[in-house]
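# Architecture and fold: a report
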Amino acid sequence: MCVIGVPIDDYTMNIAIKCCCQLFRTKDGFALLGCCFRRAIVPTVFTFSTLLDGLIREDRILEAERLFKNLIKQKLCEPDVVTYSTMIKGLCKFGSNDMAIGLLRLMDERGCSWEEVSKMLKEMEDERISPDLQTFNVLVDAFCKEGKVDEAEAVIDIIVERGEVPNIVTYNTLIDGYCLRGEVRKARTLFDSITARGLIPSVITHNTLLNGYCKTLKIEEAMHMFHEITRKGLKPNIVTHNTMLQGLFRVGRCGAARRLFDEMRAQGQVPDECTYRIILDGLCNNHQVEEALSVFHLVGDSKLNSDVMVYTILIDGACKCGMLDIAKNLFHDLTIKGLRPNAWTYCVMISGLCGEGLLKEAKQLFQKMDECGCPPNNVTFRVLLQGYLKNQNYDDVEMLLQQMDGRGYSLDATTLSLLIDQVAAGALDRNMLKLMGRLVPKELMDTPV
DNA sequence: TTAGGGTTAG
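Residues numbered from 1 in each chain as written. Chains lettered and ligands numbered in written order. Predicted model: local features only at pLDDT ≥ 70, side-chain atom pairs only at ≥ 80, totals over all residues. Heavy atoms only, no water.

### Observations regarding the pattern of salt bridges
Tallying each qualifying case throughout the model produces 24 salt bridges. A salt bridge links Glu183 to Arg181; its shortest N-O distance comes to 3.2 Å. For Arg181, a relative accessible area of 37% translates into the label partly exposed. Between Lys232 and Glu228 there is a salt bridge, and its shortest N-O distance comes to 3.1 Å. You can call Glu228 buried: its relative accessible area is 8%. Within this structure, Arg188, Asp192, Glu228 and Lys232 form a network of salt bridges that share partners. (Salt bridge = Lys/Arg side-chain N within 4 Å of Asp/Glu carboxyl O. Buried < 20%, exposed > 50% of the residue type's maximum accessible area, 1.4 Å probe, protein only.)

### A few points about the packing of helix H22 (residues 378-390) against helix H23 (residues 397-407)
Angle between the axes and distance between the axes are the two parameters that describe a pair of packed helices. Contact pair H22 / H23: the axes reach a minimum separation of 10 Å and the direction vectors enclose 165°. With respect to their mutual orientation, H22 and H23 come out roughly antiparallel. The chirality of how H22 crosses H23 is left-handed. Contact residues: H22 offers Asn378, Phe381, Arg382, Leu384, Leu385, Tyr388 and Leu389, while H23 offers Val397, Leu400, Leu401, Gln403, Met404 and Arg407. Considered class by class, the residues forming the contact of H22 with H23 number nine nonpolar, two polar and two charged. (Axes fitted to C-alpha atoms, helices over the stretch in contact; angles between N-to-C directions. Helix = DSSP H or I, 4+ residues; strand = E, 2+ residues; numbered from the N terminus. Parallel < 35°, antiparallel > 145°, perpendicular 65-115°, else oblique. Left-handed = near helix turned anticlockwise from the far one by under 90°. Contact = heavy atoms within 4.5 Å. Nonpolar A, V, L, I, M, F, W, Y, C, P; charged D, E, K, R; others polar.)

Any functional reading would require information beyond the geometric quantities listed.
So this is what it looks like as structure tokens:
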């Protein structure tokens, strides 16, 4: 492989692989790795860490783990602190997501992989590879995303004990963690203390807190924060605008959202696909599905409209407004466009069908998921179960519960209480309670009644 | 040249 007669070296190859991985085309990255071997270019720890990160970005945790183990077993390279941190990030990501069944089997219990993480930290110690601030930031982030802010704070204590100084990323992550738990006041206090710690809050810091205000519907504080950014001489970016737009839609201020949209464009800010999704979703949630559909049609065939998420938003909006035919057409259109519905898309469509009592169609779609390589997840099962229960159709309930058990899935509080109600009413067999018990996640058991 | 933080549908 060469460009205009210049042979490709390992440096260039690594950059090319990085590009593939960042574009979610890790497969192409591996094809380039194959090229390396054929061309006697020796891949380095950079190459493998990049590919590992690519796999993790694409949620291909099993393959990431396999690659990581092979690196060591086949002595492909010596993993360094980046390799370990990347693998830890993957394990954390795995522990905090709705898992596919195969992945779940890998872990001893439902969900968490903290043991794996601590084992890996131990390994790093043995290999005398010292975790650095970034490794710890990965852990702070993972704990925050799980809602375990106390653990995140403990990690920060460890950072300080080790004589290291948390950086702005550490604090941004913790601010986000507080916001995710709805503790915006705590987030604000931390935000205000950042300067005293000798750090300067960045646009991301502001955006994070802005998002916290928006999510908790504190729109006045959000507007204040929005203006604070420019007042401080910082430049609001697309994320700032998207966050503020979403906040306005959430409190039903569609007109203000519209004005902000015009304003941002006048300032030269180019809306991105995220802006577009926020607008469509905002309109749908404010009973303006027709308006959302007309925006969608106005945009026409484009990159923006070749997006599964956009279709999912509109299908959901149409279903909730009783426009099931439109929802069905959209679902059909997206496949014609060559787009593949994901678990979320199936979920809103199944939910829409159940809402109209079309259980047979819902069941057919549900069964299609496995065939289409998009296995139903926890939420899909719950939605279908709720559909059956609300329509007083109990034939498939036990089978669905058994399938859930087999896949290592669990019930949420809503579905569980619907099920128990039906047992109490005599519509479902009492013997099913044992099966239901197995499907109750530990956290739900701990919840005080 | 490899890793970390903010917006995006059930």
